[in-house]
Amino acid sequence: MSSPSLLRFKRSIVAVAVAATAATGMITAASPAHADDSATGAPVWSGLDARAYNGPIGAPGTLIQKTPLDPSVSLTAASTAYRILYATTDVHGKPAVSTGAVFLPKRPAPKGGYKVIAWAHGTTGLGDDCTPSAQPRSDRDQEYLNHWLDQGYAVVATDYAGLGTPGLMNYLSSRVQAHSIVDSVKAASKSGLPLSKTWAIVGQSQGASAALNGARRATEYSRGSGLDYRGVVATGTPANIEHIVWQAGPGFPPVALPTGLNVYAAYIWAGFADARPDLKPLSILTPEGRRIVNEARTRCYPEMRTVVEGAKIRDWFSKPVSSIPGVQGALVDYMSTPYRGYDRPIFLGQGLKDMDVPAPSALSLYAQMTAAGQPVELHVYPTQDHSGTVLASMKDSTPFVARIMR
């Protein structure tokens, strides 16, 4: 970063910190952690169980199968809904498959088809039972996604590769989540449904990181498809987390973090260990750390909270993460949220009482984006926590999406 850019970055950090402090005053009590999706029951596969899929895949964005979505896992504002299986790319750059859902509004399709919202979901877990298209949506997500349907948009909701499909879902993997989002829209556009080529991305929490990575790569990954990408809405964005992760180890502060942060840490290490076995990330774990990461590979968010509640992350490691040669660069490559290189507008929404993804994460990203001259706008919600920000942001994100979709 050049000296003038660095100076602008520092000034932006200060300005954001001052604004946040002025907006909130002193926040001394941690707000309750919120799961991004409701508790899981037996999955409903809607006649499309792809957990052991071993058939042909095709190029990224190929639609492999489409079936009506079971009403028990649909949205109340949808006229019709489908579960899809499509081709994408895994964390090793190899052909993979993902599932997802496509929801159509109740109003008649306009000429040219429904414009598309690609929904990037928040943390549900890494196990196949946690697959969003095979579970009822949470009350919050029902209200939020129904809102976009009522606005006349179709919703294409990826599950991310590895959730309900072969392999592990690599939590917060930049490229995997970007591919899953873009390829879901490419596949839906080949479904015969009345969908427009015009589309935008909306995501929350894990999905905000996924949405921004998808936004950064949307033009590249959809080139030649005829799709017309317009912009992104991201709320509760986990950004710059990789710079905390690589400092973990037995010397980490001897405190129990909020339970949600412990869950995310376990999911991150499970996903990273699967992505980079060459670095042997599991070799620096204690027996307790290995137990936690093994649980993280299969347990959904509500169950995982009970596993790590009150845990101290320092107890998971026998050596510092930084003792692994090349780990810092590897973590940046695996999970960083880009702050430059965007070609369409960006909406960032952040609750200042968010204890799952604390405000400095998204606010630091905004400062970086501003310093890099990116087309970003920030909306701060002083009284909202992690989950509350999603619905609170609708008054601002709805006109933003309408504007970029014209």
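Since the structure is predicted, the reported quantities are computational estimates derived from the model, not experimental observations.

Q: Give a detailed account of helix α4 (residues 206-221), specifying residues and quantitative values.
A: At A215, α4 shows its largest kink, close to 40°. For α4, the buried fraction is high: 13 of the 16 residues fall into the buried class.

Q: Describe the sheet that holds strand β5 (residues 154-158), and please don't skip the residues or the numbers.
A: Strand order across the open sheet formed by nine strands is β1-β2-β3-β5-β4-β6-β7-β8-β9, with mixed pairing between neighbours. Sheet topology places β1 (63-68) and β9 (376-381) at the edges, where each strand pairs with a single neighbour. Direction aside, neighbouring strands of the sheet carry axes that sit 20° apart on average. Pairing of strand β6 (residues 195-204) with strand β7 (residues 228-235) involves six bridges; the strand directions are parallel. Within the sheet, the bridge partner assigned to G203 lies in β7 and is A234. Here α4 sits on the sheet in contact with β4 (114-120), β6, β7 and β8 (346-351), set at roughly 140° to β6.

Q: Quick one: what's the story with the UniProt feature "domain: Peptidase S9 prolyl oligopeptidase catalytic" (unreviewed entry) in the chain, residue by residue and with numbers?
A: Within this numbering scheme, the UniProt entry marks residues 342-389 as carrying the feature "domain: Peptidase S9 prolyl oligopeptidase catalytic" (unreviewed entry). With 31% helix and 25% strand, the stretch residues 342-389 has end C-alpha atoms that lie 24 Å from each other.

Q: Help me get a handle on the state of the cysteines, residues and values and all.
A: According to the stated counting rule, one finds one disulfide in the structure shown. The partner cysteine of C130 in its disulfide is C300, sulfur to sulfur 2.1 Å. Across the disulfide from C130 to C300, rotation about the S-S bond amounts to roughly -100°, and the bridge is consequently left-handed. Of the two residues, C130 is situated in the loop between β4 and α2 (139-150) and C300 in the loop between α7 (287-296) and α8 (301-308); the sequence distance between them amounts to 170 residues. C300 matches C130 in its accessibility class, with the two residues each being buried.

Q: With reference to specific residues and values, describe the packing of helix α3 (residues 174-188) against α4.
A: Between α3 and α4, the least distance of the axes is 7 Å, while the angle of their chain directions is 65°. Relative to α4, α3 is oriented roughly perpendicular. The way α3 lies across α4 gives a crossing that is right-handed. For the pair formed by α3 and α4, the contact residues are S174, R175, Q177, A178, H179, I181, V182 and K186 on the first element and Q206, S209, A210, A211, N213, G214, R217, A218 and Y221 on the second. Class assignment for the residues of the contact of α3 with α4 results in seven nonpolar, seven polar and three charged.

Q: Which residues make up the domain arrangement of the chain, and what values go with them?
A: Under the domain assignment, the chain is made up of domain 1 (62-239 + 338-405) and domain 2 (241-333). Once you take the C-alpha centre of each, domain 1 and domain 2 turn out to be 26 Å apart. Of the roughly 1600 Å² buried at the junction of domain 1 and domain 2 (both faces included), carbon and sulfur atoms supply 61%. On the domain 1 side of the contact with domain 2, L168, Y171 and D356 bury the most area, a combined 31% of that side's loss. Our enumeration of links across domain 1 and domain 2 arrives at one salt bridge. Between D333 and R175 there is a salt bridge; the shortest N-O distance is 3.0 Å. Residues belonging to the side of domain 1 that touches domain 2 are distributed by class as follows: 10 nonpolar, 10 polar and three charged.

Q: Now, about unusual backbone geometry: what can you tell me, with residues and values included?
A: A positive phi is found at L172, a non-glycine position, where the angle reads about 65°. Looking at where L172 falls in the secondary structure, it is placed in the loop between β5 and α3. The phi torsion at K280 lies on the positive side, around 55°, for a residue other than glycine. Structurally, the position occupied by K280 is in the loop between α6 (259-275) and α7.

Procedures and definitions
- Residues numbered from 1 in each chain as written.
- Predicted model: local features only at pLDDT ≥ 70, side-chain atom pairs only at ≥ 80, totals over all residues.
- Heavy atoms only, no water.
- Bend = angle between axes of the 7 residues up to and from the residue.
- Helix = DSSP H or I, 4+ residues; strand = E, 2+ residues; numbered from the N terminus.
- Buried < 20%, exposed > 50% of the residue type's maximum accessible area, 1.4 Å probe, protein only.
- Pairing = 2+ DSSP bridges.
- Axes fitted to C-alpha atoms, helices over the stretch in contact; angles between N-to-C directions.
- Contact = heavy atoms within 4.5 Å.
- UniProt positions renumbered as here; feature names shortened; annotations may be inferred.
- Disulfide = S-S within 2.5 Å.
- Parallel < 35°, antiparallel > 145°, perpendicular 65-115°, else oblique.
- Left-handed = near helix turned anticlockwise from the far one by under 90°.
- Nonpolar A, V, L, I, M, F, W, Y, C, P; charged D, E, K, R; others polar.
- Domains from an automatic or database assignment.
- Buried area = accessible area lost by both parts, 1.4 Å probe.
- Salt bridge = Lys/Arg side-chain N within 4 Å of Asp/Glu carboxyl O.

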